[in-house]
Amino acid sequence: SLPAKLINGGIAGLIGVTCVFPIDLAKTRLQNQQNGQRMYTSMSDCLIKTIRSEGYFGMYRGAAVNLTLVTPEKAIKLAANDFFRHHLSKDGKKLTLLREMLAGCGAGTCQVIVTTPMEMLKIQLQDAGRIAAQKKLMAAQAQLSSSSTLGAAEPAVETRTTATQITRELLRSKGIAGLYKGLGATLLRDVPFSIVYFPLFANLNKLGQKDPNAKAPFYVSFLSGCVAGSTAAVAVNPCDVIKTRLQSLQRGVNEDTYSGILDCTKKIWQKEGPMAFLKGAYCRALVIAPLFGIAQVVYFIGIAEFLLDMLPKHRA
């Protein structure tokens, strides 16, 4: 049933995000730093420096936004894919690869309604620590180069903003369009991702089915979700880098600004080289693999069906 699908998708998203959010934070910060202003050399370096400067919970900056909106996002994505697969199938026959890709395309298009504002807010909160750390570093360097007769300046204190404050400011200054900045880049990432992910998952999952009418074992669904998710994540990582850069409202010192997808692509290519489009690719693979592995296990086990079935028994 549709309610069960939505509940399953929501539970899957909550569990997955809680497990992998620190890696997602590292991915955002690695993707946003530009040549000449590098704060982190790797995922582990980013996480260690984040804990040192912002504490353990610094790794979960922006997690509240994700945990709030990931339920409708994952629910829409998984339920929409099922919906399109059902309506594209003919008389219960096996879907062709093209139809599976079309179903994935439909799911990816539907989810951006929630994904775009969620990612927009999350990126501001995740990247705030990197920008603050960069400003502190620049201030320290300026102090060292200044005259020793001058008094030491007070270190800059980061003013932490919340997702609610950012939302209010965007709505006040730009209206609802402010929350949907980077919509085109989000579509450019999520639609190809779903086109690759859903057909690949469905075919890998079928390999573990002993009976075509029975569900695959949970470990098969988990591994299929991990492999399909990581493959699709790496495939669309260049689009994710562009989306992250476009949705960042604040820039570090001497960092480029971008007017659109083409301008962003051109500047990254010219100033940072083609390898810059793979920034954070392994982080994204590490995020997406368990996220979708867990999501598919929860979704296919059907926790919601169990809970909904128990309600009438409990009442009785």
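Residues numbered from 1 in each chain as written. Predicted model: local features only at pLDDT ≥ 70, side-chain atom pairs only at ≥ 80, totals over all residues. Heavy atoms only, no water.

*Asks:* Help me out: how do you make sense of the pattern of salt bridges in this one?
*Replies:* In a structure, side chains of opposite charge can pair up when their charged atoms sit close to one another. This structure, assessed with the given rule, holds 18 salt bridges. Between K122 and E119 there is a salt bridge, and its shortest N-O distance comes to 3.2 Å. Of this pair, K122 and E119 are both found in helix α4 (residues 97-145), three residues apart, which corresponds to roughly one turn of the helix. Across the pair, exposure class does not vary: K122 and E119 are buried alike. Between R189 and D190 there is a salt bridge whose closest N-O contact spans 2.7 Å. Overall, the relative accessible area of 3% leaves D190 in the buried class. A cluster of three or more residues bridged by salt bridges with shared partners is formed by D24, K27, E119, K122, R189, D190, D240 and K243. (Salt bridge = Lys/Arg side-chain N within 4 Å of Asp/Glu carboxyl O. Helix = DSSP H or I, 4+ residues; strand = E, 2+ residues; numbered from the N terminus. Buried < 20%, exposed > 50% of the residue type's maximum accessible area, 1.4 Å probe, protein only.)

*Asks:* How should the nonpolar core be read in this particular structure?
*Replies:* Generally speaking, a soluble globular protein has its nonpolar side chains buried in company with each other. Membership of the largest hydrophobic core comes to 30 residues, with the highest contact counts inside it found for M43, F193, Y197, I288, L291 and F292. Counting residues per element, this core draws most heavily on helix α1 (residues 2-32), at six residues. If we skip the residues at most four places from it in the chain, M43 touches I23, A26, L30, Y282, C283 and L286. (Core = buried A, V, L, I, M, F, W, Y, C linked by side-chain atoms within 4.5 Å. Contact = heavy atoms within 4.5 Å.)

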